[in-house]
Amino acid sequence: MRIVTLLPSATEIVCRLELEKNLMGISHECDFPTSIKNLPKLTSSSVGKHRSSKDIHRSVEELLKNSISVYDLNLELLGSLRPDYLITQDLCDICAVSFNQVRDACNQVLGPETKIIPLRPERFNDIWEDVCRVAQELEAIPAYEKFKEDVDQRIAYIRKTLAVNRPSKQSVLTIEWFDPIMVGGLWIPEMIEIAGGSYLLAKPGTKAFTATRGNLTEINPDIVIIKPCGFRLNQTLQELDTLKENIPWEGWTAHQNNNIFIVDGNAYFNRSGPRILDSLEILSYCLHPEIFSEFFKKYGQALIRLEPGLKIPFQLST
């Protein structure tokens, strides 16, 4: 069985289903688990080496305006790999190669024997249903059942811990992009609710909300989580000045109580795969560090709690 994946979450799903040995090719953004890093890369980005979120946003808008794909797909390589299964997405043309582009490519270089499996998660439970559907197609149900048992147990632990401790409900703003400011949607609001919070400026199952200055001055979040899509911690830290300019942070309770967090947005929250469960645990810690301290021990390298003034902690600023 030969498998090709065209987005990071699909690669993580295949590996979690214990089928890494069957992976023949991946996207250029697939980086987890690290054991897959030397596999052939089937995609590349048309955006270029832009450094700032503003430049990236403008470049993507220009590409879409001119009906140019954000990603290139190597048809020659795809044809040579001859996959039995190709796993892609049908949700966001900015996050990965579009479904139409993949379908057209398959018609050009592959035969009908290649099965395309599109992922389209919009809500929290959709993610696990996608994993189940992939497992059914790839005949990996035992691995899925073991995975889902782990999912259910970890979610149940969070719910039970909250029920026992009864912490106060925190209002949460998640920032998915800097310039313009975009607020996390889709599965994020439901995750906030599971973690014992209430979400702001977002709706479950809808895509990221582009917030105006007016929107942001009308709210007063208790917790702010900054998780730019595709940005690692060091990339986010380089744009703190842009963030300070674009949000009214000084008046927010989150700033006054030192509850503004930066999280690795490349690894967590934005990938609709197995590590969404890790993201839920990170979220639970950010909302209730006093009762979920074990999650900081587990994920401390992936998050930073900013000091007053949105300053980086001293030990990370050198």
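**Some details on the sheet that holds strand β6 (residues 115-119)**
Strand order across the open sheet formed by four strands is β2-β1-β5-β6, with parallel pairing between neighbours. Of all strands in the sheet, those with a lone pairing partner are β2 (23-25) and β6, marking the two edges. Geometrically, the sheet is characterised by an average inter-axis angle of 30° between neighbouring strands, direction not taken into account. The sheet contact formed by strand β5 (residues 85-89) and β6 spans five bridges and is parallel. Residue pairing in the sheet places Thr88 in a bridge with Pro118 of β6. Sheet strands touched by helix α4 (residues 99-109): β5 and β6. Its angle to β5, the strand with the most contacts, is close to 155°. Sheet strands touched by helix α5 (residues 124-137): β5 and β6. Its angle to β6, the strand with the most contacts, is close to 170°.

**Details of the packing of helix α6 (residues 141-165) against helix α12 (residues 276-287)**
Orientation of α6 relative to α12, taken along the N-to-C sense of each, is 10°, at an axis distance of 11 Å. Between α6 and α12, the angle is such that the two are roughly parallel. Mapping the contact onto sequence places Asp150, Val151, Arg154, Ile155 and Ile158 in α6 and Leu277, Asp278, Leu280, Glu281 and Ser284 in α12. Among the residues making up the contact of α6 with α12, the classes are represented as five nonpolar, one polar and four charged.

**Here we look at the nonpolar core**
For soluble globular proteins, the rule of thumb is that nonpolar side chains tend to be buried together. Leu17, Ile87, Phe124, Leu138, Trp187, Met191 and Leu280 are the most contacted members of the largest nonpolar core, which has 62 residues in total. Ile219, Trp249, Ile262 and Leu306 belong to the second largest nonpolar core, which has 24 residues in total.

**A short note on the packing of aromatic side chains**
Going through the model one piece at a time under the given rule, you end up with nine aromatic pairs. With a centroid separation of 5.5 Å and an interplanar angle of 85°, the aromatic rings of Phe124 and Trp128 are classed as edge-to-face. On the criterion of helical spacing, the pair formed by Phe124 and Trp128 is a turn pair, its members being four residues apart in helix α5. Where Phe261 meets Tyr285, the ring centres are 6.4 Å apart and the plane angle is 75°; that geometry is what we call edge-to-face. You can see Phe261 sitting in strand β12 (residues 260-263) and its partner Tyr285 sitting in helix α12, a full 24 residues away along the chain. Look at Tyr285 and you get buried, because its relative accessible area is 10%. Members of the aromatic cluster, joined through ring pairs, are Phe124, Trp128 and Phe147.

**Side note on the confidence of the model for the chain**
Put simply, the chain has an average pLDDT of 91, and 90% of its residues get 70 or more. In the predicted structure, residues 63-68 sits below a pLDDT of 50 and forms seven contacts with residues beyond four places in sequence or in another chain.

**Observations regarding α5**
Between its terminal C-alpha atoms α5 stretches 21 Å, which fits the 20 Å expected from 14 residues at 1.5 Å a residue. Where α5 is concerned, the buried positions are Phe124, Ile127, Trp128, Asp130, Val131, Cys132, Val134 and Ala135. Considering only its buried residues, α5 is in contact with α1 (8-16), β5, β6, α6, α7 (188-194) and α12. Just beyond α5, the residue with positive phi is Glu139, at close to 55°.

**Notes on the pairing of strand β7 (residues 170-177)**
The buried fraction of β7 is high, at eight of eight residues. Across three bridges, β7 lies against strand β9 (residues 197-199) in parallel orientation. Among the inter-strand pairings, Gln170 is bridged to a residue of β9, identified as Gly197. Of the pairings in the sheet, the one linking β7 to strand β11 (residues 223-226) comprises four bridges and is parallel in character. Across the sheet, the residue bridging to Val172 is Ile223, located in β11. In terms of strand pairing, β7 meets strand β8 (residues 182-183) through two bridges, oriented antiparallel.

**Comments concerning unusual backbone geometry**
Note the cis peptide between Phe32 and Pro33, where omega equals -5°. Residue placement: Pro33 occurs in the loop between β2 and β3 (43-45). Residue Pro180 is bonded to the preceding Asp179 through a cis peptide linkage, with omega at 5°. With a phi angle near 55°, Glu139 is a residue other than glycine that sits in the positive phi range. In this structure, Asn258 is a non-glycine residue whose phi angle is positive, near 60°.

**Focus: the packing of α5 against α6**
At their nearest, the axes of α5 and α6 sit 8 Å apart, and the two run at 165° to each other. With respect to their mutual orientation, α5 and α6 come out roughly antiparallel. When the axes of α5 and α6 are compared, the crossing they make is right-handed. Touching Phe124, Trp128, Val131, Cys132, Ala135 and Gln136 of α5 are Ile141, Tyr144, Phe147, Lys148, Val151 and Ile155, all from α6. Residue composition of the contact of α5 with α6, grouped by class: 10 nonpolar, one polar and one charged.

Conventions adopted
Residues numbered from 1 in each chain as written. Predicted model: local features only at pLDDT ≥ 70, side-chain atom pairs only at ≥ 80, totals over all residues. Heavy atoms only, no water. Pairing = 2+ DSSP bridges. Helix = DSSP H or I, 4+ residues; strand = E, 2+ residues; numbered from the N terminus. Axes fitted to C-alpha atoms, helices over the stretch in contact; angles between N-to-C directions. Contact = heavy atoms within 4.5 Å. Parallel < 35°, antiparallel > 145°, perpendicular 65-115°, else oblique. Nonpolar A, V, L, I, M, F, W, Y, C, P; charged D, E, K, R; others polar. Core = buried A, V, L, I, M, F, W, Y, C linked by side-chain atoms within 4.5 Å. Buried < 20%, exposed > 50% of the residue type's maximum accessible area, 1.4 Å probe, protein only. Phe/Tyr/Trp six-rings, centres within 6.5 Å; stacked < 30°, edge-to-face > 60°. pLDDT = per-residue confidence, 0-100. Expected span 1.5 Å × (residues − 1). Left-handed = near helix turned anticlockwise from the far one by under 90°.

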